[in-house]
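Here is what each chain is made of, one letter per residue.
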Amino acid sequence: MRAFSRFILETYLSISDLNEYLDSKRGSGASIGFVPTMGALHDGHMSLLKESKEKCGITVCSIFVNPTQFNDPKDYQLYPKNTEKDKKILEETGCDCLFLPNVEEIYPYDEFKQITFDPGSLGDVLEGAHRPGHFAGMASVVKRLLDIVRPDNAFFGQKDYQQFLIVHKMVEFYKLPIEIVKCPTVRENNGLAMSSRNQRLSAEEREKASLIYKTLTWAEHEINAGRLNFETIIKQAMFDLTEKGEFKVDYFDICGSNTLEHVDFRKDNEKLAVLTAVWVRDIRLIDNLLV
Ligand code: PAJ
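In this text, all values refer to a predicted model and were calculated from it rather than measured experimentally.

J.: Help me understand the site of the ligand in this model?
T.: As a matter of local geometry, the ligand sits amid 21 residues, with Gln 69, Asp 160, Gln 163, Val 186 and Met 194 nearest to it. A distance of 2.9 Å separates an oxygen atom of the ligand from a polar atom in the backbone of Met 38. For the ligand, an oxygen atom lies 2.9 Å from a polar atom in the backbone of Gly 157. Within the complex, the protein chains bury 96% of what would otherwise be the 630 Å² of accessible surface of the ligand. Looking at the shell around the ligand, the elements with two or more residues in it are β2 (32-37), α2 (43-55), α7 (134-149) and β5 (153-157). Class assignment for the residues of the shell around the ligand results in 11 nonpolar, eight polar and two charged.

J.: Looking at this model, I keep getting lost on the sheet that holds β5. Mind explaining?
T.: By definition, the strands of a sheet pair up through backbone hydrogen bonds, in either a parallel or an antiparallel sense. Pairing is parallel in the open sheet, where six strands are placed in the order β1-β4-β3-β2-β5-β6. Strands with a single pairing partner mark the edges of an open sheet, and in this sheet they are β1 (10-12) and β6 (179-183). Direction aside, the axes of adjacent strands within the sheet are offset by 25° on average. The sheet contact formed by strand β3 (residues 58-63) and strand β4 (residues 97-99) spans three bridges and is parallel. The partner of Ser 62 across the bridge, within β4, is Phe 99. Sheet contacts for α2: β2, β3, β5 and β6; angle to β5, the most-contacted strand, approximately 155°. Contacts from α7 reach β2, β3, β4 and β5, with the element oriented near 150° to β2.

J.: Explain the pattern of salt bridges to me, please; I cannot follow it from the model alone.
T.: Any two side chains of opposite charge can pair, on the condition that their charged atoms come close. This structure, assessed with the given rule, holds 22 salt bridges. Residue Arg 131 pairs with Glu 127 through a salt bridge whose shortest N-O separation is 3.9 Å. By relative accessible area, which is 5% here, Glu 127 ends up buried. It is possible to trace a salt-bridge network through shared partners that takes in Lys 74, Arg 200, Glu 205, Arg 281 and Asp 282.

J.: I keep staring at the packing of α7 against helix α8 (residues 161-173) and nothing clicks. Help me out?
T.: What describes two packed helices is the angle between their axes and the distance between those same axes. Relative orientation of the contacting elements α7 and α8 amounts to 50°, with a least axis distance of 10 Å. As summarised for this structure, α7 and α8 are arranged oblique, according to the angle between their axes. Seen along the crossing, α7 lies across α8 with a hand that is right-handed. Contact residues: α7 offers Phe 135, Met 138, Ala 139, Val 142, Lys 143 and Leu 146, while α8 offers Gln 162, Gln 163, Ile 166, Val 167, Met 170 and Val 171. For the contact of α7 with α8, the class distribution of residues is nine nonpolar, two polar and one charged.

J.: It is not clear to me how the environment of Leu 201 should be interpreted in this structure. Could you clarify?
T.: For Leu 201, the location among the structural elements is in the loop between β6 and α9 (203-208). The sequence separation of Leu 201 and Val 280 amounts to 79 residues, and the corresponding C-alpha distance is 8.1 Å. Not counting chain neighbours up to four residues away, the residues in contact with Leu 201 comprise Leu 192, Arg 206, Val 280, Arg 281, Ile 283 and Leu 285.

J.: Please explain the environment of Phe 247 as it appears in this structure.
T.: Considering the arrangement of structural elements, one finds Phe 247 in the loop between α11 (230-244) and β7 (248-256). Residue Phe 247 is classed as buried on the basis of its relative accessible area of 4%. Once the C-alpha coordinates of Phe 247 and Ala 209 are considered, the two residues, 38 residues apart in sequence, prove to be 8.8 Å apart. Those residues in contact with Phe 247, other than ones at most four positions away along the chain, are Lys 208, Ala 209, Leu 211, Ile 212, Leu 241, Thr 242, Val 278, Trp 279 and Val 280.

Reading the values: rules and limits
Residues numbered from 1 in each chain as written. Predicted model: local features only at pLDDT ≥ 70, side-chain atom pairs only at ≥ 80, totals over all residues. Heavy atoms only, no water. Near = heavy atom within 4 Å. Polar contact = N/O pair within 3.5 Å; in protein donor to acceptor, adjacent residues only side chain to side chain. Areas by Shrake-Rupley, 256 points an atom, 1.4 Å probe, with all protein chains shown as cover. Helix = DSSP H or I, 4+ residues; strand = E, 2+ residues; numbered from the N terminus. Nonpolar A, V, L, I, M, F, W, Y, C, P; charged D, E, K, R; others polar. Pairing = 2+ DSSP bridges. Axes fitted to C-alpha atoms, helices over the stretch in contact; angles between N-to-C directions. Contact = heavy atoms within 4.5 Å. Salt bridge = Lys/Arg side-chain N within 4 Å of Asp/Glu carboxyl O. Buried < 20%, exposed > 50% of the residue type's maximum accessible area, 1.4 Å probe, protein only. Parallel < 35°, antiparallel > 145°, perpendicular 65-115°, else oblique. Left-handed = near helix turned anticlockwise from the far one by under 90°.

As structure tokens, then:
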């Protein structure tokens, strides 16, 4: 069953139809690049698709708003959906194939929702601490999608850095023959990291939210300058976001870039990650920089 589409983009709703298409492409020697998404596509997603197109013969995008990774049912309900617009964007980007399954296709039985990959301690900190169950749901659906698509490369954004690390670890754990590629965060002109959730911000809130990136770059600068200790940097950043931005801050932390464990100081030029999550009204935004 091929879904009706106004566009040339191949769109498949079922796993078996997708497999038939991908097997024929593999048969003719094409490498497969995969960009999993939850839709409401923006330039951040497009950059992943472009990278896939450069690296691979065939680029597959999936759009699936995965219910098991939303710890807040309201966030799931309010998650923006615009499949027709997304299809246009995919076509313009030159994406070859869209996998657009419904919930029953991914989870034919309710029990399937309970089969999860436990990301271990990496899943307990930062986002994991504030969104219980989120990473188990995310990693499980990514595993399921990778098993279905069997790509050579899969592309993930640095914007969701903890997610990237967990997917990377999971692929290593299962010894999947897939290269996980990290793509840089795409930002609005004012520095705000692009996100599907930004659609829910007013123009004024978008402008205000640029303070998140400004605070991260200030912290990066201070870490590199080595003048202030990390505790002072974190305190000042939290103060700026809370007082100047009037945001509620879930966390602002400086961590080892592989373990995401909090660090108090930098050892031998080790790579660090500065990560934050803030609420602008009832919209939760995350961002990070690698230092
Ligand atoms: P979604 O939020 O739609 O993001 C899909 C991919 O786009 C992720 O790899 C994310 O990191 C990347 N992305 C989002 N905003 C970006 C930006 N501004 N710059 C660069 N990349 C960006 O992340 C998910 O969906 C889901 O958790 C998913 C992996 C699809 C599993 O359900």
